[in-house]
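Now for the letters of each chain:
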Amino acid sequence: MTCSVGVIGFGRMAQAIISPLLKSGKLKSDQIIGVVGRRESIASISERFPSELCICTPDSSEAIKAWNAPVKILSIKPQQLDLVSKEANQCIKPESSNSLLISLIAGVKLQRLKAIFSESFCVRVVPNAPVFVGSGLTGISWGDSFPIDKVSLVKDIFEPISELIDLPEAQLDAFLALTSSGPAYVALIVEGLADGAVAAGLPRELALELAHKTLSGTASLLNKKKLHPAQLKDMVASPAGTTISALRHLEKSGLRSALIEAVVLAAERSKELS
Ligand SMILES: NC(=O)c1ccc[n+]([C@@H]2O[C@H](COP(=O)([O-])OP(=O)(O)OC[C@H]3O[C@@H](n4cnc5c(N)ncnc54)[C@H](OP(=O)(O)O)[C@@H]3O)[C@@H](O)[C@H]2O)c1
């Protein structure tokens, strides 16, 4: 990538995206201008990145450069969008038309983005927390009329940290409800399993470690052997054995239904927020 990249909102997610691009040499530090909301944030971010990478606040002249970069990554919280769009209005120059705006903001539709950033080609991306360790999933909605020559640029940015899935925008809420909120559901399950093992007599630290490993090993087995979850369940549950006793309890307690409702509720909430 040779052009400059303005990152508006240089928080956790933006840093997870930019770091591997710097490490791999796909981007150089002096190509990036990161904008944060508060001056206090600058020092701690600067400690973690090379000094050539510019971190600034919205009221600086560097922020104007970020807004007029050929590639802009918008990684602020949804509730910050009204303020940030006012800042953008004051900064964006007419000559920066045909630039690319990549929005990570959960729930903000392409139609709204295009109305605010009419100078740019807008694309929505929905990454999930495992991008922090390079094992994420990123849903991408290109919308209509996204120029084909800019597709690979977007893919180059997200591929180092995640698998990419193209989706119609109408499916992004469901995607987010499963993949972005999913790590929280899974974390709850791991914690519950560890608590169970502690109740059954294992030390806490060991119980947590075993719960993690059971989860990652199971995911790997499902994935590598291309098993349907029902096949794996039936493989493990022998007649009159321990697993089927436990499964009977989980079904009686409504675990499956609780998970279904959780994903549906998260998708509905995502729709509501947009
Ligand atoms: N984290 C996740 O797992 C995840 C997953 C999927 C999608 N996302 C989406 O990614 C986006 C960013 O999330 P995050 O977790 O990275 O949030 P974050 O760490 O809170 O980052 C938000 C960034 O925006 C900056 N900011 C605030 N006001 C601003 C302004 N007026 N102008 C420019 N920058 C401003 C903040 O600076 P200060 O800190 O100085 O205020 C901070 O650097 C969100 O829309 C979120 O929905 C996150």
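Residues numbered from 1 in each chain as written. Predicted model: local features only at pLDDT ≥ 70, side-chain atom pairs only at ≥ 80, totals over all residues. Heavy atoms only, no water.

**Concerning the packing of helix α8 (residues 182–199) against helix α9 (residues 204–224)**
Formally: Note on method: axes are straight lines fitted to C-alpha atoms, helices fitted across the in-contact stretch only, with angles between N-to-C directions ranging 0 to 180 degrees. Comment: elements are numbered from the N terminus, with helices defined as DSSP H or I runs of at least four residues and strands as E runs of at least two. Throughout this description, any angle smaller than 35 degrees is read as roughly parallel, any larger than 145 degrees as roughly antiparallel, any in the 65 to 115 degree range as roughly perpendicular, and the remainder as oblique. Here a crossing is called left-handed whenever its near helix is offset anticlockwise from the far helix by less than a right angle, and right-handed whenever the offset is clockwise. Only heavy atoms enter the contact rule, under which two residues are in contact if any of them lie within 4.5 Å.
Following both chains from N to C, one finds α8 and α9 inclined at 135°, their axes separated by 8 Å at the closest point. Relative to α9, the element α8 is oriented oblique. Both α8 and α9 take part in a crossing whose hand is right-handed. For the pair α8 and α9, contact is made by Val 186, Val 190, Leu 193, Ala 194, Asp 195, Ala 197 and Val 198 and by Arg 204, Ala 207, Leu 208, Ala 211, His 212 and Leu 215, respectively.

**Quick look at the state of the cysteines**
Disulfides are covalent bonds that link the sulfur atoms of two cysteine residues. Rules: Pairs of cysteine sulfur atoms within 2.5 Å are identified as disulfides in what follows. Accessibility here uses a 1.4 Å probe with only protein chains present; expressed as a share of the type maximum, an area under 20% marks a residue as buried, one over 50% as exposed, and anything in between as partly exposed.
Evaluated as defined, the whole model comprises zero disulfides. The structure places no disulfide on Cys 3, whose sulfur is separated from the nearest cysteine sulfur, that of Cys 122, by 16 Å. Lacking any disulfide linkage, Cys 56 is separated from the closest cysteine sulfur, that of Cys 54, by 4.6 Å. We classify Cys 56 as buried; its relative accessible area is 3%.

**Overview of the layout of surface pockets**
The test is simple: Think of a 1 Å grid over just the protein atoms. A cavity is a set of points where a 1.4 Å probe fits yet cannot get out, a pocket is an open set with protein on both sides within 12 Å along at least five of seven lines, and lining residues have an atom within 4 Å of a point. Grid points are joined across faces, edges and corners, and a volume is the space filled by probe spheres set on the points. In this classification, the charged set is Asp, Glu, Lys and Arg, the nonpolar set is Ala, Val, Leu, Ile, Met, Phe, Trp, Tyr, Cys and Pro, and all remaining amino acids, among them Gly, are polar. Per the annotation, domain bounds derive from an automatic or database assignment of domains.
Estimates place the volume of the largest pocket at around 2,400 Å³. Every residue lining the largest pocket is counted, 43 residues in all, and those nearest its centre are Ile 189, Leu 193, Leu 215, Thr 218 and Leu 259. Counting only elements with at least two residues in the lining of the largest pocket, the list comes to α7 (172–180), α8, α9, α10 (229–236), α11 (242–252) and α12 (255–273). A total of 12 residues in the lining of the largest pocket trace back to one element, the largest contributor, which is α8. The residue makeup of the lining of the largest pocket, split by class, is 28 nonpolar, 12 polar and three charged. Residue-level mapping places the lining of the largest pocket at the junction of two domains, with at least three residues from each of domain 1 (5–172) and domain 2 (180–273). Looking at the second largest pocket, its volume works out to about 1,200 Å³. Lining the second largest pocket are 49 residues, with Ser 75, Ile 76, Lys 77, Pro 78 and Gln 80 positioned closest to its centre. Elements with a minimum of two residues in the lining of the second largest pocket: α1 (12–23), α2 (40–48), α4 (81–91), β6 (120–127), α7 and α12.

**A look at the domain arrangement of the chain**
For the chain, the assigned domains are domain 1 (5–172) and domain 2 (180–273). The C-alpha-based centres of domain 1 and domain 2 are spaced at 34 Å.

**Here's the deal with the pairing of strand β8 (residues 162–166)**
Applicable threshold: The criterion for strand pairing is that DSSP finds at least two bridges linking the strands in question. Whether a crossover is right-handed comes down to one check: with the strands pointing away from the viewer, does the path from the first strand over the helix to the second run clockwise; if it does, it is right-handed.
The pairing of strand β7 (residues 136–141) with β8 spans five bridges and is parallel. In the strand pairing of β8, Gly 139 is matched with Ile 165. Traced from β7 through helix α6 (residues 151–158) to β8, the parallel crossover comes out right-handed.

**Topic: a nonpolar patch on the surface**
Test applied: A patch consists of residues whose relative accessible area exceeds 30% and which take part in no salt bridge; residues with like charges are grouped when within 9 Å of each other, and nonpolar side chains (Val, Leu, Ile, Met, Phe, Trp, Tyr) when within 5 Å. Here the open area of atoms and residues is found with the Shrake-Rupley method and a 1.4 Å probe, where only the protein chains shown may cover a residue. Here, a salt bridge means any Lys or Arg side-chain nitrogen found within 4 Å of an Asp or Glu carboxyl oxygen.
A contiguous nonpolar surface patch, about 390 Å² in accessible area, is contributed by Ile 189, Leu 193, Leu 250, Leu 255 and Leu 259. Looking at where Leu 250 falls in the secondary structure, it is placed in helix α11.

**Comments concerning α1**
The criterion, for reference: Multiplying one less than the number of residues by 1.5 Å gives the expected span of a helix.
The terminal C-alpha atoms of α1, which comprises 12 residues, lie 17 Å apart, in line with the 16 Å expected from a rise of 1.5 Å per residue. On its buried side, α1 packs onto β1 (5–8), β2 (32–35), α2, β4 (71–74), β6 and α6. One or two positions beyond α1, positive phi appears at Gly 25, with a value near 85°.

**As for the site of the ligand**
Counted only if it meets this: Throughout this document, a residue counts as near a molecule or strand when at least one of its heavy atoms sits within 4 Å of that molecule or strand. Counted as a polar contact is a pair of N or O atoms within 3.5 Å, where, for protein atoms, one must be capable of donating a hydrogen and the other of accepting one, and residues adjacent in sequence contribute only when both atoms are in side chains. What decides whether a molecule sits in a cavity or pocket is whether more than half of its atoms lie within 2 Å of the grid points.
Neighbouring the ligand are 25 residues, the closest being Met 13, Arg 38, Ser 41, Ile 76 and Pro 127. Measuring from an oxygen atom of the ligand, one finds a backbone N or O atom of Phe 10 at 3.3 Å. For the ligand, a nitrogen atom lies 3.1 Å from a polar atom in the side chain of Glu 87. The cavity that encloses the ligand is the second largest pocket. Breaking the shell around the ligand down by element, the ones donating at least two residues are α1 and α4. Per-element tally for the shell around the ligand: the top contributor is α4, with three residues. Across the shell around the ligand, the residue classes tally to 14 nonpolar, seven polar and four charged.

**Digging into the environment of Cys 56**
Considering the arrangement of structural elements, one finds Cys 56 in strand β3 (residues 54–56). Cys 56 sits 22 residues away from Gly 34 along the chain, and the two C-alpha atoms are 6.3 Å apart. If we ignore the near neighbours within four places in the chain, the residues touching Cys 56 are Ile 33, Gly 34, Val 35, Val 36, Ile 42, Glu 62 and Ala 63.

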